[in-house]
Amino acid sequence: MSSDNAARNGASPAEPADESVWDVVVVGAGPAGASAAYAAACAGRRVLLLEKAELPRYKTCGGGIIGPTRDALPPGFELPLRERVHAVTFSLNGRLTRTRRSKQALFGLINRPEFDAGLVEAAKDAGARVRTGTAVARVEQHGPSVPDRRTVAVVLADGETVLARAVVGADGSASRIGAHVGVKLDQVDLGLEAEIPVPPTVAEDWSGRVLIDWGPLPGSYGWVFPKGDTLTVGVISARGEGAGTKRYLEDFIARLGLAGFEPSVSSGHLTRCRSDDSPLSRGRVLVCGDAAGLLEPWTREGISFALRSGRLAGEWAVRIAEAHDAVDARRQALNYAFAIKAGLGVEMGVGRRLYTVFARRPGMFHAALTGFRPAWRAFTKITRGTTTLAEIVRSHPAARRALTAFDRG
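From a predicted model like this one, the values you see are computed outputs, not experimental measurements.

Reading the values: the criteria
Residues numbered from 1 in each chain as written. Predicted model: local features only at pLDDT ≥ 70, side-chain atom pairs only at ≥ 80, totals over all residues. Heavy atoms only, no water. Axes fitted to C-alpha atoms, helices over the stretch in contact; angles between N-to-C directions. Helix = DSSP H or I, 4+ residues; strand = E, 2+ residues; numbered from the N terminus. Parallel < 35°, antiparallel > 145°, perpendicular 65-115°, else oblique. Left-handed = near helix turned anticlockwise from the far one by under 90°. Contact = heavy atoms within 4.5 Å. Pairing = 2+ DSSP bridges. Phe/Tyr/Trp six-rings, centres within 6.5 Å; stacked < 30°, edge-to-face > 60°. Lys NZ or Arg CZ within 6 Å of the ring centre and 35° of its normal. Salt bridge = Lys/Arg side-chain N within 4 Å of Asp/Glu carboxyl O. Buried < 20%, exposed > 50% of the residue type's maximum accessible area, 1.4 Å probe, protein only. Nonpolar A, V, L, I, M, F, W, Y, C, P; charged D, E, K, R; others polar. Core = buried A, V, L, I, M, F, W, Y, C linked by side-chain atoms within 4.5 Å. Patch = residues over 30% accessible without salt bridge, like charges linked within 9 Å, V, L, I, M, F, W, Y side chains within 5 Å. Areas by Shrake-Rupley, 256 points an atom, 1.4 Å probe, with all protein chains shown as cover. Lys, Arg positive; Asp, Glu negative; His and termini not counted. Charge placed at Lys NZ, Arg CZ, Asp CG, Glu CD. UniProt positions renumbered as here; feature names shortened; annotations may be inferred.

Chemist: I'm lost on the packing of helix 2 (residues 31-42) against helix 4 (residues 112-125) in this one. Help?
Modeler: Helix packing geometry: the angle between the two helix axes and the distance between the axes. At a closest axis distance of 8 Å, the pairing of helix 2 and helix 4 adopts a crossing angle of 15°. Overall, the two elements helix 2 and helix 4 adopt an arrangement that is roughly parallel. Crossing of helix 2 over helix 4 shows left-handed handedness. Every residue of helix 4 that contacts helix 2 at Pro31, Ala34, Ala37, Tyr38 and Ala41 is listed here: Arg112, Phe115, Asp116, Leu119, Val120, Ala122 and Ala123.

In structure tokens:
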């Protein structure tokens with residue numbers, strides 16, 4: 001760590017990183033990485049959190065905070081909510097529009113730069129050191145940069161090497177650490193988004209209400225999320241439909257009467273879901289969040305998956321850091337994988353099945369959510385965090401039979 005970086009992050013300039021082995025190094029300071037760093041630091045370990053960008057930084061994301069996300073936040077974390085949502089307007093490619101309302105808030109909306117920066121501050125408050133503007137080129141678990149079998153070398157883009165007893169890769173969907181681990185992907189989608197400043201009269205019309213539009217491409221949908229004087233408008237569909245996805249966004253914005261407003265930000269992002277047999281570790285290196293391909297396949301919701309997998313990765317990285325041989329490190333890494341698969345993996349499995357049905361029959365989903373009260377109640381319970389898709393399928397025989405029937409076509 002340079003003396004300038006050390007001073008900026010509260011470290012002593014007399015503690016150079018190349019002469020110190022960190023217990024846990026976390027790569028990537030999004031929700032997954034910040035959550036991992038927080039968990040490891042809370043265990044009293046020396047933790048270094050590396051982020052290639054300067055914070056705060058923009059991230060393509062709708063910014064919806066559902067119940068599972070809220071429940072996975074550090075204790076006392078104050079959500080920087082821009083809006084509380086009490087109503088959802090559903091449409092089927094612009095048709096059959098219907099709004100459903102709830103007396104209780106369904107979920108909240110945040111801007112990712114503020115949210116991510118707050119999570120990093122929580123990790124710092126727990127004792128983690130943070131270095132921003134620091135890109136990682138690769139990790140090495142063998143070779144001249146690695147002094148012993150208990151150590152991982154994190155090689156930075158500028159050639160500096162940082163040593164750790166365990167590494168957590170949380171460096172996004174195009175993860176270098178994920179490539180090292182050998183993450184395999186099952187579903188890749190393209191999301192396009194525009195941040196559109198609007199006048200007060202338009203903002204007031206959207207206050208407390210979001211729009212979800214089931215789109216024209218298989219498995220696609222669009223959204224409008226209000227955040228004060230700005231509307232986050234986006235669409236997502238399978239990769240390989242780039243031109244069609246762009247056209248969907250343009251038509252969507254025009255249909256909403258928003259084409260006359262200039263976006264402050266226009267961006268795109270690939271979301272990647274892991275395959276069932278994709279590894280979550282290699283040696284003393286774990287992956288979590290987008291780097292592991294962990295997100296909900298139907299909605300492509302990733303923040304709650306990032307926070308929950310990040311916390312688990314941080315906790316198990318501490319155990320790996322304490323392991324004195326490869327056998328024990330492997331045992332702890334397998335325990336981490338089991339914890340992920342038993343929770344988030346089950347949710348992803350149900351989400352994959354729903355995505356397959358949705359891609360074939362979006363009109364059926366629209367009819368259920370707008371006209372079938374049990375489906376709307378399930379939606380509200382999921383967004384509030386009182387249940388999950390997996391729990392509904394497990395505990396409701398009718399839902400299980402219906403999903404099985406659709407699986408069979």
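Chemist: How do you make sense of the sheet that holds strand 14 (residues 221-227) when you look at a structure like this?
Modeler: Backbone hydrogen bonds hold the strands of a sheet together, and the pairing may be parallel or antiparallel. Across the sheet, seven strands lie side by side as 6-5-13-14-15-12-16; this open sheet has mixed pairing. Each having just a single partner strand, strand 6 (95-101) and strand 16 (265-274) make up the two edges of the open sheet. Each neighbouring strand pair of the sheet contributes to a mean axis angle of 20°, computed without reference to strand direction. In the sheet, strand 12 (residues 185-197) pairs with strand 16 via 10 bridges, with the strands oriented antiparallel. Within strand 16, the residue paired with Leu190 across the bridge is Leu270.

Chemist: Just to check I follow, could you spell out the packing of aromatic side chains for this structure?
Modeler: What characterises a pair of aromatic rings is the spacing of the ring centres plus the angle enclosed by the ring planes. This structure, assessed with the given rule, holds 14 aromatic pairs. By way of ring pairs, the aromatic residues Phe90, Trp214, Tyr221, Trp223, Trp298, Phe358, Phe365, Trp376 and Phe379 are connected into one cluster. Lying across the ring of Trp316, Arg319 places its NZ or CZ 4.2 Å from the centre.

Chemist: Explain the sheet that holds strand 3 (residues 64-65) here, please?
Modeler: Taken in spatial order, the three strands of this open sheet run 3-7-4, and their pairing is antiparallel. In the strand order of this sheet, the two ends are held by strand 3 and strand 4 (81-85), each with one partner. Relative to strand 7 (residues 107-110), strand 4 is paired through four bridges, and the arrangement is antiparallel. Paired with Glu83 across the strands is Leu109, a residue of strand 7.

Chemist: Whenever I open this one, the pattern of salt bridges confuses me. Can you help?
Modeler: Think of it this way: side chains of opposite charge can pair up when their charged atoms draw near. What the rule picks out here adds up to 19 salt bridges. Between Arg352 and Asp276 there is a salt bridge, with its nearest N and O atoms 3.1 Å apart. Remark: Asp276 occurs in the loop between strand 16 and strand 17 (281-282) and Arg352 occurs in helix 9 (residues 326-360); sequence separation between them is 76 residues. Among the residues examined, Asp276 registers a relative accessible area of 59% and is labelled exposed.

Chemist: How should I be thinking about the packing of helix 2 against helix 8 (residues 303-322) in this particular structure?
Modeler: Direction vectors running N to C along helix 2 and helix 8 enclose 35°, while the axes themselves pass 7 Å from each other. Handedness of the helix 2/helix 8 crossing: right-handed. Contact residues: Pro31, Ala32, Ser35, Ala36, Ala39 and Ala40 in helix 2; Ala306, Leu307, Gly310, Arg311, Gly314, Glu315 and Val318 in helix 8. In the contact of helix 2 with helix 8, the residues fall into eight nonpolar, three polar and two charged.

Chemist: Just to check I follow, could you spell out the nonpolar core for this structure?
Modeler: Generally speaking, nonpolar side chains in soluble globular proteins are found buried as a group. Ranked by internal contacts, the top residues of the largest apolar core, which has 69 residues, are Val25, Phe115, Val154, Val167 and Tyr336. Here the element with the most residues in this core is helix 8; it accounts for 11 residues. Contact partners of Tyr336, with chain neighbours within four places excluded, come to Leu280, Leu286, Val287, Cys288, Ser309, Leu312, Ala313 and Trp316. Counting 28 residues, the second largest nonpolar core, distinct from the first, contains Tyr221, Trp298, Tyr355 and Leu369.

Chemist: How do you make sense of a positive patch on the surface when you look at a structure like this?
Modeler: A cluster of like positive charges, contributed by Arg98, Arg373, Arg377 and Lys381, occupies part of the molecular surface. Here the positive patch gets three residues from one element, more than from any other, and that element is helix 11 (residues 373-384).

Chemist: Please explain the UniProt feature "domain: FAD-binding" (unreviewed entry) in the chain as it appears in this structure.
Modeler: UniProt's entry tags residues 23-185 with the feature "domain: FAD-binding" (unreviewed entry), counted in the numbering of this structure. From the first C-alpha to the last, residues 23-185 spans 30 Å; its make-up is 23% helix and 34% strand.

Chemist: Help me understand unusual backbone geometry, please; the structure alone is not making it clear to me.
Modeler: Most peptide bonds take the trans form, and the phi angle of most residues other than glycine is negative. Of note, the amide linkage connecting Leu55 to Pro56 takes the cis form, showing an omega dihedral of -5°. One can find Pro56 in the loop between strand 2 (47-50) and strand 3. Despite not being glycine, Leu96 has its phi angle at roughly 50°, a positive value. If you trace the backbone, Leu96 turns up in strand 6. Positioned with a positive phi, Arg300 is a non-glycine residue whose angle comes to about 60°.

Chemist: Help me out: how do you make sense of the pairing of strand 15 (residues 230-238) in this one?
Modeler: Sheet faces and side chains relate simply in a regular strand, where the side chains alternate between the two faces. Among the nine residues in strand 15, eight count as buried, and that is most of the element. Where strand 12 lies against strand 15, nine bridges are found, and the strand directions are antiparallel. Bridge pairing in strand 15 links Leu192 to Val235. For strand 14 and strand 15, the ladder comprises seven bridges, and the chain directions are antiparallel.

Chemist: So what exactly am I meant to see when it comes to the side chain of Thr69 here?
Modeler: Tracing the backbone shows Thr69 in helix 3 (residues 67-71). Excluding anything up to four places from it in sequence, Thr69 contacts Phe115, Glu301, Ile303, Ser304 and Leu307.

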